[in-house]
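Coordinates in review
Listed here are the chains, written in short residue letters.
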Amino acid sequence: MSAKPKVVVLPSPPKLSREAATRFQRLASESIAVARRFSVALSGGSTPLALYRLLAEAPLREAIDWSRVHLFWGDERFVPLDHPDSNYGAAREAFVSRVPIPAENVHPIPTEVADPETAATQYEDTLRRFFSLSEGDIPRFDLVLLGLGPEGHTASLFPESAALDEHKRLVVATFVSKLAAWRVTLTPPVLSSARQVMFLVAGPDKAAVLRDVLEGPYDPHRLPAQLVRPPDGDLIWLVDEAAASLLSAGLKGS
Ligand code: 6PG
């Protein structure tokens, strides 16, 4: 890692989710105050679900101006949107269907098209339109939420994947051989272009990989999460004590 990452250690997963939800609301308010909108790329997986549920409850549900929030996804499984594995479906159940966000502000990765490559191309078009991008521009999300897989993947950027070296396209389709499944994912330049990147990592099974990502040698083909290094944005790791258990004392207090 280039700059020393900011790591915030919370005592438990519920406190991690509460901290993340509070930061989400504060970032939304700041972005809306300045730019009249808040664009966020949501993470999949299980860790952020408690955060999502908090966004649909008082006081946060009422504290966020949902008419100004735009939801995107950092990655998606290439399954129908109502499939149990869908990241969109999980977020819709946890909060999207429970907050007054206009339907046109919700931008799922279109997985009900012919094939994953079509989904990636169409989502790239969605990003270009929303962010009014010229050729070669990279979209700058106000917030990108990310998780960390046990082997170091983030979004759907898995070890040794060709997607890790993608520097031109914004969205790619990727076949994950260990899962025998197609995924669609934002590419490293897009994730690193965010104003704020927030990793949420919890549980003892993430302790070794979190230590490797944050304190081990820079080896992004083996640990893709290391690719996310916003040159002009903030990178913060919200972790619980179990996941942080192998980190050095110096890093925990960062
Ligand atoms: C996905 C996610 C993925 C996830 C990690 C951590 O589609 O699964 O984008 O990158 O964040 O695998 O998942 P957990 O939070 O379930 O541990």
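Placed above this text is the structure.
Fair warning: this is a prediction, and the values are worked out from it, not measured in the lab.

**Quick word on the sheet that holds strand β4 (residues 75-77)**
Through backbone hydrogen bonds, the strands of a sheet pair up, either in parallel or in antiparallel fashion. With respect to topology, three strands assemble into an open sheet ordered β4-β7-β6, the strand pairing being antiparallel. Sheet topology places β4 and β6 (171-176) at the edges, where each strand pairs with a single neighbour. Taken over all neighbouring pairs, the strand axes of this sheet differ in orientation by 20° on average, direction set aside. Here β4 runs beside strand β7 (residues 181-186); their pairing, made up of three bridges, is antiparallel. By the bridge assignment for β7, E76 is matched with V184. Helix α5 (residues 116-130) contacts β6 and β7 of the sheet and is inclined by roughly 155° relative to β6.

**A few points about the site of the ligand**
Within the structure, the ligand sits among 16 residues, and S46, T47, D75, A155 and K206 are positioned closest to it. Contact between the ligand and S46: an oxygen atom at 2.7 Å from a side-chain N or O atom of the residue. Contact distances for the ligand include 2.6 Å between an oxygen atom and a side-chain N or O atom of K206. The protein chains hide 88% of the 420 Å² of surface that the ligand would expose on its own. In this structure, the ligand is accommodated by the largest pocket. Per-class residue counts for the shell around the ligand are two nonpolar, 10 polar and four charged.

**Some points on the pairing of strand β3 (residues 69-73)**
Counted residue by residue, β3 has five buried out of five residues, so it is predominantly covered. In β3, alternate side chains face the same way, and those of V69, L71 and W73 on one face and H70 and F72 on the other are all buried. With five bridges joining them, strand β2 (residues 38-42) and β3 adopt parallel strand pairing. Paired with V40 across the two strands is L71, which belongs to β3.

**Examining unusual backbone geometry**
The bulk of non-glycine residues show a negative phi, and the bulk of peptide bonds are trans. Backbone torsion omega between A58 and P59 reads 5°, so that peptide bond is classified as cis. Its place among the elements puts P59 in the loop between α2 (49-55) and α3 (60-63). Even without being glycine, S132 reaches a positive phi, approximately 50°. Tracing the sequence through the fold places S132 in the loop between α5 and β5 (143-146). For S132, a relative accessible area of 60% translates into the label exposed. In the Ramachandran plot, A180 falls in the positive-phi region, its phi being about 50° despite a non-glycine side chain. Here A180 is to be found in the loop between β6 and β7. Take A180: its relative accessible area is 58%, and that puts it in the exposed class.

**Considerations on the nonpolar core**
The biggest cluster of nonpolar side chains holds 85 residues, and the ones touching the most others in it are L55, L71, F95, F141 and W237. Considering every element that reaches this core, the biggest residue donor is helix α1 (residues 13-35), with seven residues.

**Overview of the pattern of salt bridges**
Side chains carrying opposite charge are able to pair once their charged atoms draw close together. For the structure shown, the criterion picks out 11 salt bridges. Ionic pairing is found between R128 and E124, a salt bridge with its closest N-O pair at 3.1 Å. Of this pair, R128 and E124 both sit in helix α5, separated by four residues, roughly a single helical turn. Each of the two residues, R128 as well as E124, counts as buried.

Rules used throughout
Residues numbered from 1 in each chain as written. Predicted model: local features only at pLDDT ≥ 70, side-chain atom pairs only at ≥ 80, totals over all residues. Heavy atoms only, no water. Pairing = 2+ DSSP bridges. Helix = DSSP H or I, 4+ residues; strand = E, 2+ residues; numbered from the N terminus. Axes fitted to C-alpha atoms, helices over the stretch in contact; angles between N-to-C directions. Contact = heavy atoms within 4.5 Å. Near = heavy atom within 4 Å. Polar contact = N/O pair within 3.5 Å; in protein donor to acceptor, adjacent residues only side chain to side chain. Areas by Shrake-Rupley, 256 points an atom, 1.4 Å probe, with all protein chains shown as cover. 1 Å grid on protein atoms, 1.4 Å probe; cavity = no way out; pocket = protein on both sides within 12 Å on 5 of 7 lines; lining within 4 Å. Sits in = over half its atoms within 2 Å of the grid points. Nonpolar A, V, L, I, M, F, W, Y, C, P; charged D, E, K, R; others polar. Buried < 20%, exposed > 50% of the residue type's maximum accessible area, 1.4 Å probe, protein only. Core = buried A, V, L, I, M, F, W, Y, C linked by side-chain atoms within 4.5 Å. Salt bridge = Lys/Arg side-chain N within 4 Å of Asp/Glu carboxyl O.

Worth remembering: the numbers are spatial, not functional.
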